[in-house]
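Structure at a glance
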Amino acid sequence: MMANVITGLRILVSAVLVFCPVFSPIFYVLYLIADFIFVAVCLQMKKREKHKGH
């Protein structure tokens, strides 16, 4: 369930980002949000892999 929410947020932010003027403040804010979501997903995947190994 949580994975679907995160994926939905990533898609939503990416879709909105397409319509923002490049190098505008809102562009940078949305870009940073998308990056934070990506990093959170990567960390969560690493955590799951670590738990599977034990």
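The rules behind these values
- Residues numbered from 1 in each chain as written.
- Predicted model: local features only at pLDDT ≥ 70, side-chain atom pairs only at ≥ 80, totals over all residues.
- Heavy atoms only, no water.
- Phe/Tyr/Trp six-rings, centres within 6.5 Å; stacked < 30°, edge-to-face > 60°.
- Buried < 20%, exposed > 50% of the residue type's maximum accessible area, 1.4 Å probe, protein only.
- Helix = DSSP H or I, 4+ residues; strand = E, 2+ residues; numbered from the N terminus.
- Axes fitted to C-alpha atoms, helices over the stretch in contact; angles between N-to-C directions.
- Parallel < 35°, antiparallel > 145°, perpendicular 65-115°, else oblique.
- Left-handed = near helix turned anticlockwise from the far one by under 90°.
- Contact = heavy atoms within 4.5 Å.
- Nonpolar A, V, L, I, M, F, W, Y, C, P; charged D, E, K, R; others polar.
- Polar contact = N/O pair within 3.5 Å; in protein donor to acceptor, adjacent residues only side chain to side chain.

1. Let's talk about the packing of aromatic side chains
Applying the stated criterion to the full structure yields 4 aromatic pairs. Seen from their ring centres, Phe 23 and Tyr 28 are 6.3 Å apart, and the 35° between their planes marks the pair as tilted. Look at Phe 23 and you get exposed, because its relative accessible area is 61%. A ring pair is formed by Phe 27 and Tyr 31, whose centres lie 6.0 Å apart and whose planes are at 20°; its orientation type is stacked. Highlighted residues: Phe 27 and Tyr 31, both in helix H2 (residues 25-52), separated by 4 residues, approximately one helical turn. When its relative accessible area of 15% is taken as the criterion, Phe 27 is described as buried. An aromatic cluster of at least three residues, connected via ring pairs, comprises Phe 23, Phe 27, Tyr 28 and Tyr 31.

2. With respect to unusual backbone geometry
The backbone of Phe 23 shows a phi angle near 70°, a positive value even though the residue is not glycine. Tracing the sequence through the fold places Phe 23 in the loop between helix H1 (2-18) and H2.

3. Details of the packing of H1 against H2
Where H1 meets H2, the axes come as close as 10 Å, and the angle between the chain directions of the two elements is 155°. Accordingly, the angle class assigned to the pair H1 and H2 is roughly antiparallel. Read as a crossing pair, H1 and H2 show a hand that is left-handed. Residues Ile 6, Leu 9, Arg 10, Val 13, Val 16 and Leu 17 of H1 lie in contact with H2, whose contacting residues are Phe 27, Leu 30, Tyr 31, Ile 33, Ala 34, Ile 37, Phe 38, Val 41 and Gln 44. Its residues assigned to classes, the contact of H1 with H2 shows 13 nonpolar, 1 polar and 1 charged.

4. Quick word on the side chain of Ser 24
Along the polypeptide, Ser 24 turns up in the loop between H1 and H2. A relative accessible area of 13% means that Ser 24 is categorised as buried. A polar contact is formed between the side chain of Ser 24 and the backbone oxygen of Pro 21, at a distance of 2.8 Å.

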